[in-house]
Structures are given as C-alpha cells and as structure tokens.
Amino acid sequence: MPSLTRAEAAARAELLRVSAYHVDLDLSAARDSATFGSTTTVRFSCTRPGSSTFAELRATSIVAARLNGAPLPAEAYADGRLQLTDLRADNELVVHAEMPYSNTGEGLHKFTDPEDGEVYLYAKAGQTFAPDIFACFDQPDLKATIRLAVTAPVTAEGDPSRAQWTVLANGAGTQVAPGRWEFADTPVISTYLMTVVAGPYHGRHIVHDGVPLGVYCRRSLAAQLDKDSEELFRITVACLDRYHELFQIRYPFGKYDQVFVPEFPAGAEENPGCVTVREELLFRSAATAVEREFRAMVIAHEMAHMWFGNLVTLRWWDDIWLNESFAEYMGWRVTAEVTEFTGAWTNFAIIRKGWGYTADQLPSTHPVAPEHVETTELARLNFDGISYAKGASVLRQLVAWVGDDAFLRGVRAFFQAHAYGNATLADLLAAISEASGRDLTGWAEAWLRRPQVNTLRPEVTIGPDGRYREVTVVQTAPPAYPTLRPHRIGIGVYDVELRHRVEVALDPVVDGGRTPVPELTGVEAGRLLLLNDGDLTYAKIRFDPASRAELAALLPSMVDPLARALVWSAAMDATRDAELPAVEFMALAMAGLPVETAEAVFDGTLRFAREVVAKKYLRPALRPAAMTELAAACQRALRAASPGSSRQLAAARGLSQCAGLEEVELLAAWLAGRQLPPELTLDADLRWTVLYRLVVIGAAGEAEIAAELDRDPSALGAEHAARCRAAVPSAEAKARAWDTILHDDQSSARLVTAAAEGFWQPEQEQLTEEYVPRYFAEMPAMAARRPSGTARLVARFAFPQYAVSAQTVAAAEAMLAREDISPTLRRVVLDETDELRRALAAREIS
Ligand SMILES: [Zn+2]
C-alpha cells in the first residue's frame, strides 16, 4: 500500500477542511471474530468544488461507501485508498467496512490472555494506523473532532466464566445500554491520536484539581495495579501540577486515563485523554529503582505530549522533534524536578543519551529536524535515538543558551498562538527568539538541521607549580558533516570531588573551534579535567592525557554520580570509536563497577561492558574471561548490596546475564530456591533471566523451559519461553526458531520478536554459522511481507550481530546493492553493518 507523501498531504490540506468524524465500531463479536465493523461519517468542506481527493482505509471489505448520498463504485477503493471525485463545497462521506484485528500492536490489536481466556483490545493509530480503525484523511494537519460510539460484547448476568467489558477512548464515555458505549466529542485532534481500548480492564480512579485520573490494566494484573496505583497517581498528579505551572494552559482534554496494555510495540502512546502504556511497566516482578525512574519519566513524557503534539501538532512528519524531543526533554526534567527520582538526569546521561550518540553516528543519521521527510513510512523510521535523546539533549542546550525564563516564555507563547492547530520549527523558533531577544537562526541551523555529533577535547598545559598554564577546548566535527556548533558548557576540575568549575561559551564563528579558557589559568590542576560538566550539551568528550591516565584510579572514588556518568559515557564512545582499546574499557569496568553506587550508572555501564564490549568488541578468545570478570564484579556488588534492595536485584540480574560455566551450579541452586542472597526474591522474571542464561550456555534445555512455562503460564511467560527456545544450542531448536522468525504470521509479533532476540548468541557461533548467509538471502521476502514496524524489529534482532567478520560485511553489502529491498530492511542492515565494522575495528586494537 502506498505511503502518504508530503506533497499529497500538502495538496489535500490545501483542498479540504475536515470538521467532524462520527465513528461507530462494532466490536461485539471480538471474542470470536477476526474482524470488526467500522462505520465512519466524515463531514468536510472543499475549497475547489468539482475537485478529487482520497480518504485512507485498510479494510478486509467495504460493505458500503457513499459520498454525498451516492454510492461509490467498487473500483473507487484500491491499495488502501478510497477515491473521492466531484467534491462539493460541503461533503459527507459514509463508509461502512469490515476491518481486521491486528496482532502487531498497530491498528486495533486483539490479545487473548492465556491465563483466563479474556480478550483485550486497544487501538494504536499513531503514526499511520488510523485507517486500520476508521476511514479518514490520515495526516496530522487535518484536525477534526471525533465522536465515537462502540458496541462491545455483553456478558450475561451471572456468567461466571467471563467478566464485563469496559470501553475507554479519548473522551469520557457512558454505557447507554448493555454493551453500547458513547463518548464525548474530542476537541479537534489529528487522526493519529484517536484511540479506543476495550475489554474487561480493571481500573482505579481519583480526581485531582478537577481532572478525573484513571489507571487500568487487564484483570490478571489487577493486584499489581492496586499495589502500584498510589505511586502512579502520585507521579501523575505531581507532573500535572508542574505542567500547569510551566505551561500556564490548563490540561485541555477532560479526563486523563493511563492504560497498561498487552503486547504494546513501543513504550507508550500519547492519545489525548487515554494514554496507552506497555504493560511491562506495571512490573509484575520486583523492579529496580532505575526501572521505576524510567516509568516515572514515561508518565511525564506522555503527559507533556498533551501540550506538545496534541494541543499543538506538527504540520508534517519532518517535525517529529516538536513532539518527541520536547516530550523527552520535559519528561526527564519534570521527573527530576517533582518526583522522588531527583537524579533522573544521571540516567539520561548514561543510558538514554548513549542511544542518541549511537543513532547519530550510524549511516542512517539525520538532522533532529530534517527539512523534508517525503513519506509517512520514512517518517516512522525517524522515531529513534536522534528524535528522542539527541533532541532532548539539544533542547537542554537551548535552555542553557537562552536561559530557562526566556525558553518558557517562548513555549507559552507558542502554545497560545497555535492551540488546537498545527505548527512548524519556524513557529517555535520565532516564539523563543522573540522571548529571548536572540536570533536563533544560526543556532538552529547548526543544531537542528545538521546531523552527527561533534567532539570536544581539552588541550592542557600544566606549569611546574602544578597549576594550569593554558587550557583550550578544541571542537572537531566528522569530515562528512563539518559543521562546528555553538555550545554553552561547564568545565569541572575534579579530584575526588569537584574543586573548581567554570562555564564557558564555545562560539566557532568567533574562535574557529578553538576556545581558550583563561578563567582556568593559575587554577591548581585537578586529577581530572571534565568537559561538559553538568551535561548541558550534546557532544562526545575526550580527556587530556594526564586525566586519562588517572581514570581507572579516580573513577571509583569520584563522589558525583553525574560526573561519573559523563566519564563512563566518554569511555564508551571512545571504545566505540576504537580510540580506547576494549581491554582498557574492561579494566575500567572492573575497577568501577563493583563499587558503583548510582544504579543507572551501574546498569548502563554493565550493559555496555557485557553486550557490546565482551560479546562483540573483544576478540572471541578473550570473551569467556571477560564474562567471568563481569560475573565476579556482579558478585562483589551483590555482596555489598543491602538485603532486599534495588541494588541487590540489579547485581543479581547482572550476575545471571554474565554467568559462565563457573556459575552454573549457583544459578541452578537459585532456581531450586537454595543459596539465594538474603531477602532476594526469585520472582517470575528473574527466574526467566536465570534460565535464559543457563539455556544459552547449554546447562538447561526444553524440559526446564516447559517446566518454567507451567509455573508461569502468562503472556510474558510465553515470550520468555519463546526467547529461551530460540536460544537452545541445538540444530533442531535453531531451525524451528528460524522458521518462526521468517514465516510465522499467526503468532503475535511479540512472540516472533522474542524468537529473534534469542536466536544469535556469541557462545553458539558454529551452530548458527549457516544462518549468516541465510539472513541476507531470506530477510528481503520477510520484510516485504510483514508490516514495517514488525519487520523492523524482527530484522534488527535477527541480524547476525556476533558474526563479526569481513565476510558478513561483504554479504551485507551485496544485499544492500539489491534494488528490491524495503526501505525498512535497508535501514536496519545499513546500520547493523556499520556496527559490525566498528566491532572489527575494535578487535584490531584489542
Ligand atoms: Zn513521545
């Protein structure tokens, strides 16, 4: 089906004004049927009567379609488009269609809970799936009110086998007759923001400041929701109050529900009044403080969208940064400001920003705000570390550059000017320029219109008296993208603690990329000179040779967690750039990890050491010893952690993920309930983590997996089992998993993705060797057949990431030379191949 182009959207926006959708969904047969009924009445005007246009719809069949009362011919519908000709000044289109439920989390997703057989539905319209739910003009700048009515299944009074359904949507709903629900008209919103959620969901409610707040989940997770609802409401309320204060416009969408939904393909979705959240964030097992902090950030992020995105919406998808970068920036900021997670920016620095730096250095890098994104399909590929993490970091830099007051005044003016409408980069810059009195043209060009990350290095001379004689900050850009950027940064002089700090402006127009820092001349030299202290900017940082020589000794005793995060982050990207040998990173990890007290720093560093350095960057002969060392570091952290603490859980997980043959006995004992660290609960997800590792190293197999699935017959248990089964080191298991990855369209996309995640293991290189060429031969057909979101995940996880060799690179290049592969697969393979090249370069120096 063709993807809507920018030119088509612009032409249609010029031609049409859409006033209202009435959508009536018949979900009454949801328990048994593969399709649902969708009837849409849309009223719209046309600026040039007599013209033609089209609406979008992806139906199993169209029962009837009428434009201004006249039936549309069958041939008007093809390829997901309904051609509309001879428009009048005022028009009414009525479409009655049968639509398929989805199993990919996009469109109207249908899930059957294996624990109790109950059926749950939710709609994900963003960013291009509204036509999977109702006939519409699916582009963000044709906003309209949406009035929804739903017929849901009715459970007979006294039927103990099935629970009554609840139906939720953007507006407040009422059950007007058994199973029949009607919802309040939404304010004008974009089609991608429509949602409906239906099933025997369990909910809790409060009202705060006049806004009804609800949280929901499926019934088999009710106890978990009840346990967490106090925390969820506490954070929601704190965020709502803060946004009212910051934005000075009331929350515009009436009630505010947050629904934890099964098999969600992303973190969460910001549907006005009815946010959908991946239900893994309800934490059925013990969660670490880092995970709870992340959940708080997701709550804050989605709520920020009610203003950034929902009240004022991007005109076209080249401005997704207006949505995502702002929500992301606000998410971390407000979490740090008004929740118990005051250290959220450390998490951002060590984990989230790494996602941005990595994405920004891939072949697929793009500007935060690209000037042109041609189709909705290409726009979807830009929901990545650049639009989120880099964009948020760039906004943080903008705040440092213009000051928080001016930034907020600009943002408020932007909301006032464009409420219930659409806006662009230029509109936002104009508002902030006006508020700050600064021309942001050059700033925006360098930061928002140019891709890639620059590097900041200090050049330092120290006199015989131990004082800095001269410090210069040198900025370099990658040769392919030679734009230097203005920065406002902190520079910290550290011993164990910060001893001296200055803030400086780097302005390449003035200094050509070499900024002297006379404020440091005469200051007693520290053991470490840290650029970007406080993490206000977005840049790779490097160390002067004296500081670098001190790192391993100093890092474990540095007091400030954010400073440690910056040092770790710098070490990671130097390793990725093959400037720091992987073995040196491992040495640093051994020194720092066992005593790392900031949990986000522990998690982020351990994950990089294990998943990137040990599994890919070290020569294979060194990997077992590295994993043993990491396991030992986790053991030390585990012994040092207080019983029952979040840190203990993080260390136990870490140990489970690094374990080698030496730890098999211990892990097997854990599973049997013996030798557990005091007060550590081996709950369902931790048990699966342990079992997965045992399976990978050949110490457990199908019998243990089946037994575990008996203990945990939940949907998440099924995903864990699929991942474990794909990881079993036998030819039969690999053949079965490969078949699932390539051909299984009946199972939900989640189960297919889980199989892809488990398939490749560095410990199983010989066993999976034959699948390396098969990936490049067989994935194009998979990607052509499956919906692009699913295809992207499957292609990425199933990529032979541990087959680090020139042959794999050559096979990838040969595939990329084909012209018939989908843009989604091309992007995945291009980027993953770049990662292989980095691994090859790292192996050469380690
Ligand atoms: Zn978002």
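Preceding block: the structure.
Calculation criteria
- Residues numbered from 1 in each chain as written.
- Predicted model: local features only at pLDDT ≥ 70, side-chain atom pairs only at ≥ 80, totals over all residues.
- Heavy atoms only, no water.
- 1 Å grid on protein atoms, 1.4 Å probe; cavity = no way out; pocket = protein on both sides within 12 Å on 5 of 7 lines; lining within 4 Å.
- Points joined across faces, edges and corners; volume = space filled by probe spheres on them.
- Helix = DSSP H or I, 4+ residues; strand = E, 2+ residues; numbered from the N terminus.
- Nonpolar A, V, L, I, M, F, W, Y, C, P; charged D, E, K, R; others polar.
- Salt bridge = Lys/Arg side-chain N within 4 Å of Asp/Glu carboxyl O.
- Phe/Tyr/Trp six-rings, centres within 6.5 Å; stacked < 30°, edge-to-face > 60°.
- Buried < 20%, exposed > 50% of the residue type's maximum accessible area, 1.4 Å probe, protein only.
- Lys NZ or Arg CZ within 6 Å of the ring centre and 35° of its normal.

Engineer: Residue-level account of the layout of surface pockets, with values.
Structural biologist: Taken as a whole, the largest pocket holds about 1000 Å³ of empty space. Looking at the largest pocket, it is lined by 41 residues, and the ones nearest its centre are Arg-58, Phe-129, Arg-786, Pro-787 and Ser-788. If you list the elements that add at least two residues to the lining of the largest pocket, you get α6 (376-381), α23 (749-759), α25 (771-785), α26 (788-797) and α28 (823-845). A per-class count over the lining of the largest pocket returns 15 nonpolar, 13 polar and 13 charged.

Engineer: How would you sum up the pattern of salt bridges? Please name residues and give values.
Structural biologist: Applying the stated rule across the entire model yields 64 salt bridges. One salt bridge connects Asp-141 with Arg-315, and the closest N-O pair in it is separated by 3.8 Å. On the criterion of sequence distance, the pair formed by Asp-141 in the loop between β10 (119-124) and β11 (145-151) and Arg-315 in the loop between β21 (312-314) and α4 (320-338) is long-range, its members being 174 residues apart. Two residues, Arg-295 and Asp-228, come together in a salt bridge whose shortest N-O distance is 2.8 Å.

Engineer: Tell me about the packing of aromatic side chains, and please be specific about residues and values.
Structural biologist: Inspection of every chain in the model, using the stated rule, returns 37 aromatic pairs. Measuring from ring centre to ring centre gives 5.0 Å for Phe-759 and Tyr-771, while their planes differ by 80°; the resulting arrangement is edge-to-face. Of the two residues, Phe-759 sits in helix α23 while Tyr-771 sits in helix α25, which places them 12 residues apart along the sequence. You'll find Phe-759 and Tyr-771 in the same group, each marked buried. Ring geometry for Phe-776 versus Phe-799: centroids 5.9 Å apart, planes at 85°, classification edge-to-face. One end of the pair, Phe-776, is in helix α25; the other, Phe-799, is in the loop between α26 and α27 (806-816), with 23 residues separating them in the sequence. Residue classification places Phe-776 among the buried positions, given a relative accessible area of 6%. Cation over ring: Arg-396 sits above Trp-345, and NZ or CZ is 3.8 Å from the ring centre.

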